[in-house]
Amino acid sequence: KVAQRTAHGKLRPPLLREVVRAHHYAEQLSAESGGVSKGSLTIGCYYSISALWMPEILTAFRARYPGVTVRMQEGGNLEMARWLNERSVDCCFGAQMHGDKYDWLPVFRDELVAWLPRGHELAAAAAFPLMRLQALLPQTCFTTRDGCTTYNLVEAGLGVSFNQRLISRKWSGTVAEVPFDPPQFVTLGISVPSLREASPAAKKFIACAIETVTGGEKSL
């Protein structure tokens, strides 16, 4: 595509991104023909996935393809939906977002749990009744987007939270993690603007990520 200029002589950002993306794709195709992978990738992911999955994924990927650089962008569903629609990322790690046009690869099924402070009436319970949420009248005093901060606020007795079990997998503290009754789950996976149009490096990264997380192999 040819980038068009505005009346002020500036390249329009969406068109500029397409030019850059096409250039990177051509570079990677050329590298692939010589048997050497190189290039750059931009990966969007949840903060929790960035902390828990990415170190292992990046270690495995770098061992196989040391010539490919990876830039991570962390955010929530709104940010990742925008990045996918803009095609400013090669792929995103998180929950499936409905209503947008992209390819989705489910990878991991995570259980939802209630985070409760020590001393809460259900802290020692086997389950948190889901029906109880219908009568819950939350009084929000503090807000944060960071899972670790939320965990510490709950531990300090400043409230309760509902999160994925994966988030606190490596944390230690006095927060009780109580599963719901009936059990609730969320599927985490990889969203790609277009798997068919994904660059060779992006396909290799996705396959490596799936293999690392699941312990299996995935060919793309």
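Residues numbered from 1 in each chain as written. Predicted model: local features only at pLDDT ≥ 70, side-chain atom pairs only at ≥ 80, totals over all residues. Heavy atoms only, no water.

A.B. asks: Hey, could you go over the packing of helix α3 (residues 54–64) against helix α6 (residues 200–214) for me, with residue numbers and the actual values?
C.D. replies: Direction vectors running N to C along α3 and α6 enclose 125 degrees, while the axes themselves pass 9 Å from each other. Viewed along their axes, α3 and α6 adopt a mutual orientation that is oblique. Judged by the twist between their axes, the crossing of α3 over α6 is right-handed. Every residue of α6 that contacts α3 at M54, E56, I57, L58, A60, F61 and R64 is listed here: A201, K204, F205, C208, A209, E211, T212 and V213. Of the residues belonging to the contact of α3 with α6, the class tally is 10 nonpolar, 1 polar and 4 charged. (Axes fitted to C-alpha atoms, helices over the stretch in contact; angles between N-to-C directions. Helix = DSSP H or I, 4+ residues; strand = E, 2+ residues; numbered from the N terminus. Parallel < 35°, antiparallel > 145°, perpendicular 65-115°, else oblique. Left-handed = near helix turned anticlockwise from the far one by under 90°. Contact = heavy atoms within 4.5 Å. Nonpolar A, V, L, I, M, F, W, Y, C, P; charged D, E, K, R; others polar.)

A.B. asks: A description of the pairing of strand β1 (residues 39–45) should follow, citing residues and the corresponding values.
C.D. replies: With respect to burial, β1 is a largely interior element, 5 of its 7 residues being buried. Bridge count for β1 against strand β2 (residues 68–74) is 7 bridges, and the pairing is parallel. Along β2, the bridge assignment pairs C45 with E74. Relative to strand β3 (residues 91–95), β1 runs parallel, the two being bridged by 3 bridges. Residue C45 lies in a different strand from β3, and its bridge partner there is F93. (Buried < 20%, exposed > 50% of the residue type's maximum accessible area, 1.4 Å probe, protein only. Pairing = 2+ DSSP bridges.)

A.B. asks: How would you sum up the confidence of the model for the protein? Please name residues and give values.
C.D. replies: Per-chain confidence: the protein averages 84 in pLDDT, with 80% of residues scoring 70 or above. Within the protein, the element-level pLDDT minimum falls on helix α1 (residues 13–33), averaging 49, and the maximum on strand β7 (residues 176–181), averaging 97. (pLDDT = per-residue confidence, 0-100.)

A.B. asks: Summarise the pattern of salt bridges; cite the residues concerned and give the values.
C.D. replies: One pass over the structure, following the stated rule, counts 8 salt bridges. Across the pair R64 and E211 runs a salt bridge whose closest N-O atoms are separated by 3.2 Å. Here E211 lies in helix α6 and R64 lies in helix α3, a separation of 147 residues in the sequence. A salt bridge links E121 to R132; its shortest N-O distance comes to 2.5 Å. In this pair, E121 is assigned in the loop between β4 (103–116) and β5 (128–129) and R132 in the loop between β5 and α5 (147–155), connecting sequence segments 11 residues apart. Look at the salt bridges and you will find they share partners, linking R87, R196 and E197 into a network. (Salt bridge = Lys/Arg side-chain N within 4 Å of Asp/Glu carboxyl O.)

A.B. asks: Pulling in residues and values, what's your account of the state of the cysteines?
C.D. replies: Scanning all chains against the criterion turns up 0 disulfides. Looking at C92, it has no disulfide partner, and the nearest cysteine sulfur is the one in C91, 6.8 Å off. Assessed through its relative accessible area of 1%, C92 is described here as buried. (Disulfide = S-S within 2.5 Å.)

A.B. asks: Explain the packing of aromatic side chains to me, and be specific about the residues and the numbers.
C.D. replies: As enumerated under the stated definition, the model contains 10 aromatic pairs in all. On the basis of an interplanar angle of 90 degrees and a centroid distance of 6.2 Å, the ring pair of F93 and F205 is categorised as edge-to-face. Placement of F93 in strand β3 and of F205 in helix α6 is noted, with a sequence separation of 112 residues between them. For F93, a relative accessible area of 1% puts it in the buried group. Look at Y151 and W171: their rings are 5.3 Å apart centre to centre, the planes differ by 70 degrees, and that puts the pair in the edge-to-face class. Residue Y151 is located in helix α5, and its partner W171 is located in the loop between β6 (161–164) and β7; the two are separated by 20 residues in the primary sequence. (Phe/Tyr/Trp six-rings, centres within 6.5 Å; stacked < 30°, edge-to-face > 60°.)

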